[in-house]
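If you want the building blocks of each chain, they are given just below.
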Amino acid sequence: MSTLILMTNAEAARTLGFIAWIVLFFILLNTAILVYTIIRNSIVSKRNNNISLTPESDNQPAGEEAVKEKKLHFPIGKKKAEASEEGFEMVLTDVTNPERAFYVEGKNLYMVGRRPQMDLCIPDDGYVSGTHCKFEMEDGILYITDLQSSNGTKVNGNKISEKTAVTQNDIIRIGKVEYKVDF
C-alpha cells in the first residue's frame, strides 16, 4: 500500500528554504573556483609572456619588436663565474611563431612543464607533461634532461634519453612545438 506524505505549509517552506541554501552554496563555490582559476591563469600568462620585459624598461612593445629589442640587450655567452653565482638567462623562441617566446633568468636550473609552478610553464600545449624536462648550467655548458615525459624531448630532431649538451641556437622539441635556444 502506498503511503501519502503530507506536509504543512511551514514544513514545505522550511524544506524549500534548505534546498535554496544548498543551491546558493554550490553557486558561490563554483563562482569562487572560477575567479581563482581566472586569476591563476592570468598570473601564469603574465609570467610566461615576460619576454617583452627588459631590465631597462617594463614598457617594451609587444610582438616581434619586443623579441628583437630583447635580443639587442641579451648577453650571449655569460662568463662561467656569472653563470654559477647569478644563474643564467635563457630564451626559448617558437620556431614557427617567433613572437611566442619564453624568457627565464636568475637560476642555474630551470624546470619546464605544463604545471604552473614550473620555472618555464607551457600551459597551452597538451603534449607537454606536467614536469617535462629541465635545463641546467654546469661549468659553462647548458644541458637538457627529459624527465620521463609522455611525449619525450628532442634536440635537433633526435629524441633524448639522458642528459644532453645544448649549444646556442639548437632546436628543442618540447611537446608539439620546436623552440630555438638562446642563452
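Here the structure is shown first, and the text comes after it.
Computed from a predicted model, the values in this text were never measured in an experiment. (Residues numbered from 1 in each chain as written. Predicted model: local features only at pLDDT ≥ 70, side-chain atom pairs only at ≥ 80, totals over all residues. Heavy atoms only, no water.)

(A) Representation of the sheet that holds strand 2 (residues 101–107). If you trace the 6 strands from one edge of the open sheet to the other, you get 2-1-11-10-7-8, paired in antiparallel fashion. Looking along the sheet, the strands with just one partner apiece sit at the ends: strand 2 and strand 8 (158–159). Where strand 10 (residues 171–174) and strand 11 (residues 177–182) come together, 4 bridges link them in antiparallel fashion. Considered in strand 11, the bridge of arginine 173 is made with glutamate 178. (Pairing = 2+ DSSP bridges. Helix = DSSP H or I, 4+ residues; strand = E, 2+ residues; numbered from the N terminus.)

(B) Molecular detail of the pattern of salt bridges. Using the criterion set out here, one finds 7 salt bridges in the structure. In this structure, lysine 163 engages glutamate 138 in a salt bridge whose closest nitrogen and oxygen atoms are separated by 2.7 Å. With a gap of 25 residues between them, lysine 163 in the loop between strand 8 and strand 9 (164–166) and glutamate 138 in strand 5 (residues 133–138) connect regions that are remote in the sequence. Accessibility expressed as a relative area gives 32% for glutamate 138, which makes it partly exposed. For lysine 180, the salt bridge is made with aspartate 182, and the minimal N-O distance between the two is 3.7 Å. For aspartate 182, a relative accessible area of 7% corresponds to the buried category. Within this structure, Lys134, Glu136, Glu138 and Lys163 form a network of salt bridges that share partners. (Salt bridge = Lys/Arg side-chain N within 4 Å of Asp/Glu carboxyl O. Buried < 20%, exposed > 50% of the residue type's maximum accessible area, 1.4 Å probe, protein only.)

(C) Seen up close, the environment of arginine 115. Here arginine 115 shows up in the loop between strand 3 (109–113) and strand 4 (120–121). Sequence separation of arginine 115 and glycine 130 is 15 residues, and the distance between their C-alpha atoms is 4.9 Å. Beyond its immediate chain neighbours, meaning those up to four positions away, arginine 115 contacts Cys121, Gly130 and Thr131. (Contact = heavy atoms within 4.5 Å.)

(D) Looking closely at the nonpolar core. Met90, Phe135, Leu142 and Ile174 are the most contacted members of the largest nonpolar core, which has 24 residues in total. Every element with two or more residues in this core is listed here: strand 1 (88–94), strand 2, strand 3, strand 5, strand 6 (141–146), strand 10 and strand 11. (Core = buried A, V, L, I, M, F, W, Y, C linked by side-chain atoms within 4.5 Å.)

(E) Looking closely at a nonpolar patch on the surface. A surface patch of nonpolar side chains, about 970 Å² in accessible area, is lined by Leu16, Phe18, Ile19, Ile22, Val23, Phe25, Phe26, Ile27, Leu29 and Ile33. Checked against the element boundaries, leucine 16 lands in helix 1 (residues 9–48). (Patch = residues over 30% accessible without salt bridge, like charges linked within 9 Å, V, L, I, M, F, W, Y side chains within 5 Å. Areas by Shrake-Rupley, 256 points an atom, 1.4 Å probe, with all protein chains shown as cover.)

(F) Highlighting the pairing of strand 2. Bridge analysis of strand 1 against strand 2 gives 5 bridges, and the strand direction is antiparallel. From the neighbouring strand, valine 91 faces strand 2, where its bridge partner is tyrosine 103. Between strand 1 and strand 2, which follow one another and run antiparallel, lie 6 residues.

(G) The arrangement of the side chain of serine 149 in detail. Position of serine 149 relative to the elements: it lies in the loop between strand 6 and strand 7 (153–155). Serine 149 sits in the buried class, given a relative accessible area of 11%. A distance of 3.4 Å separates the side chain of serine 149 from the side chain of histidine 132, its partner in a polar contact. A polar contact is formed between the side chain of serine 149 and the backbone nitrogen of glycine 152, at a distance of 3.0 Å. (Polar contact = N/O pair within 3.5 Å; in protein donor to acceptor, adjacent residues only side chain to side chain.)

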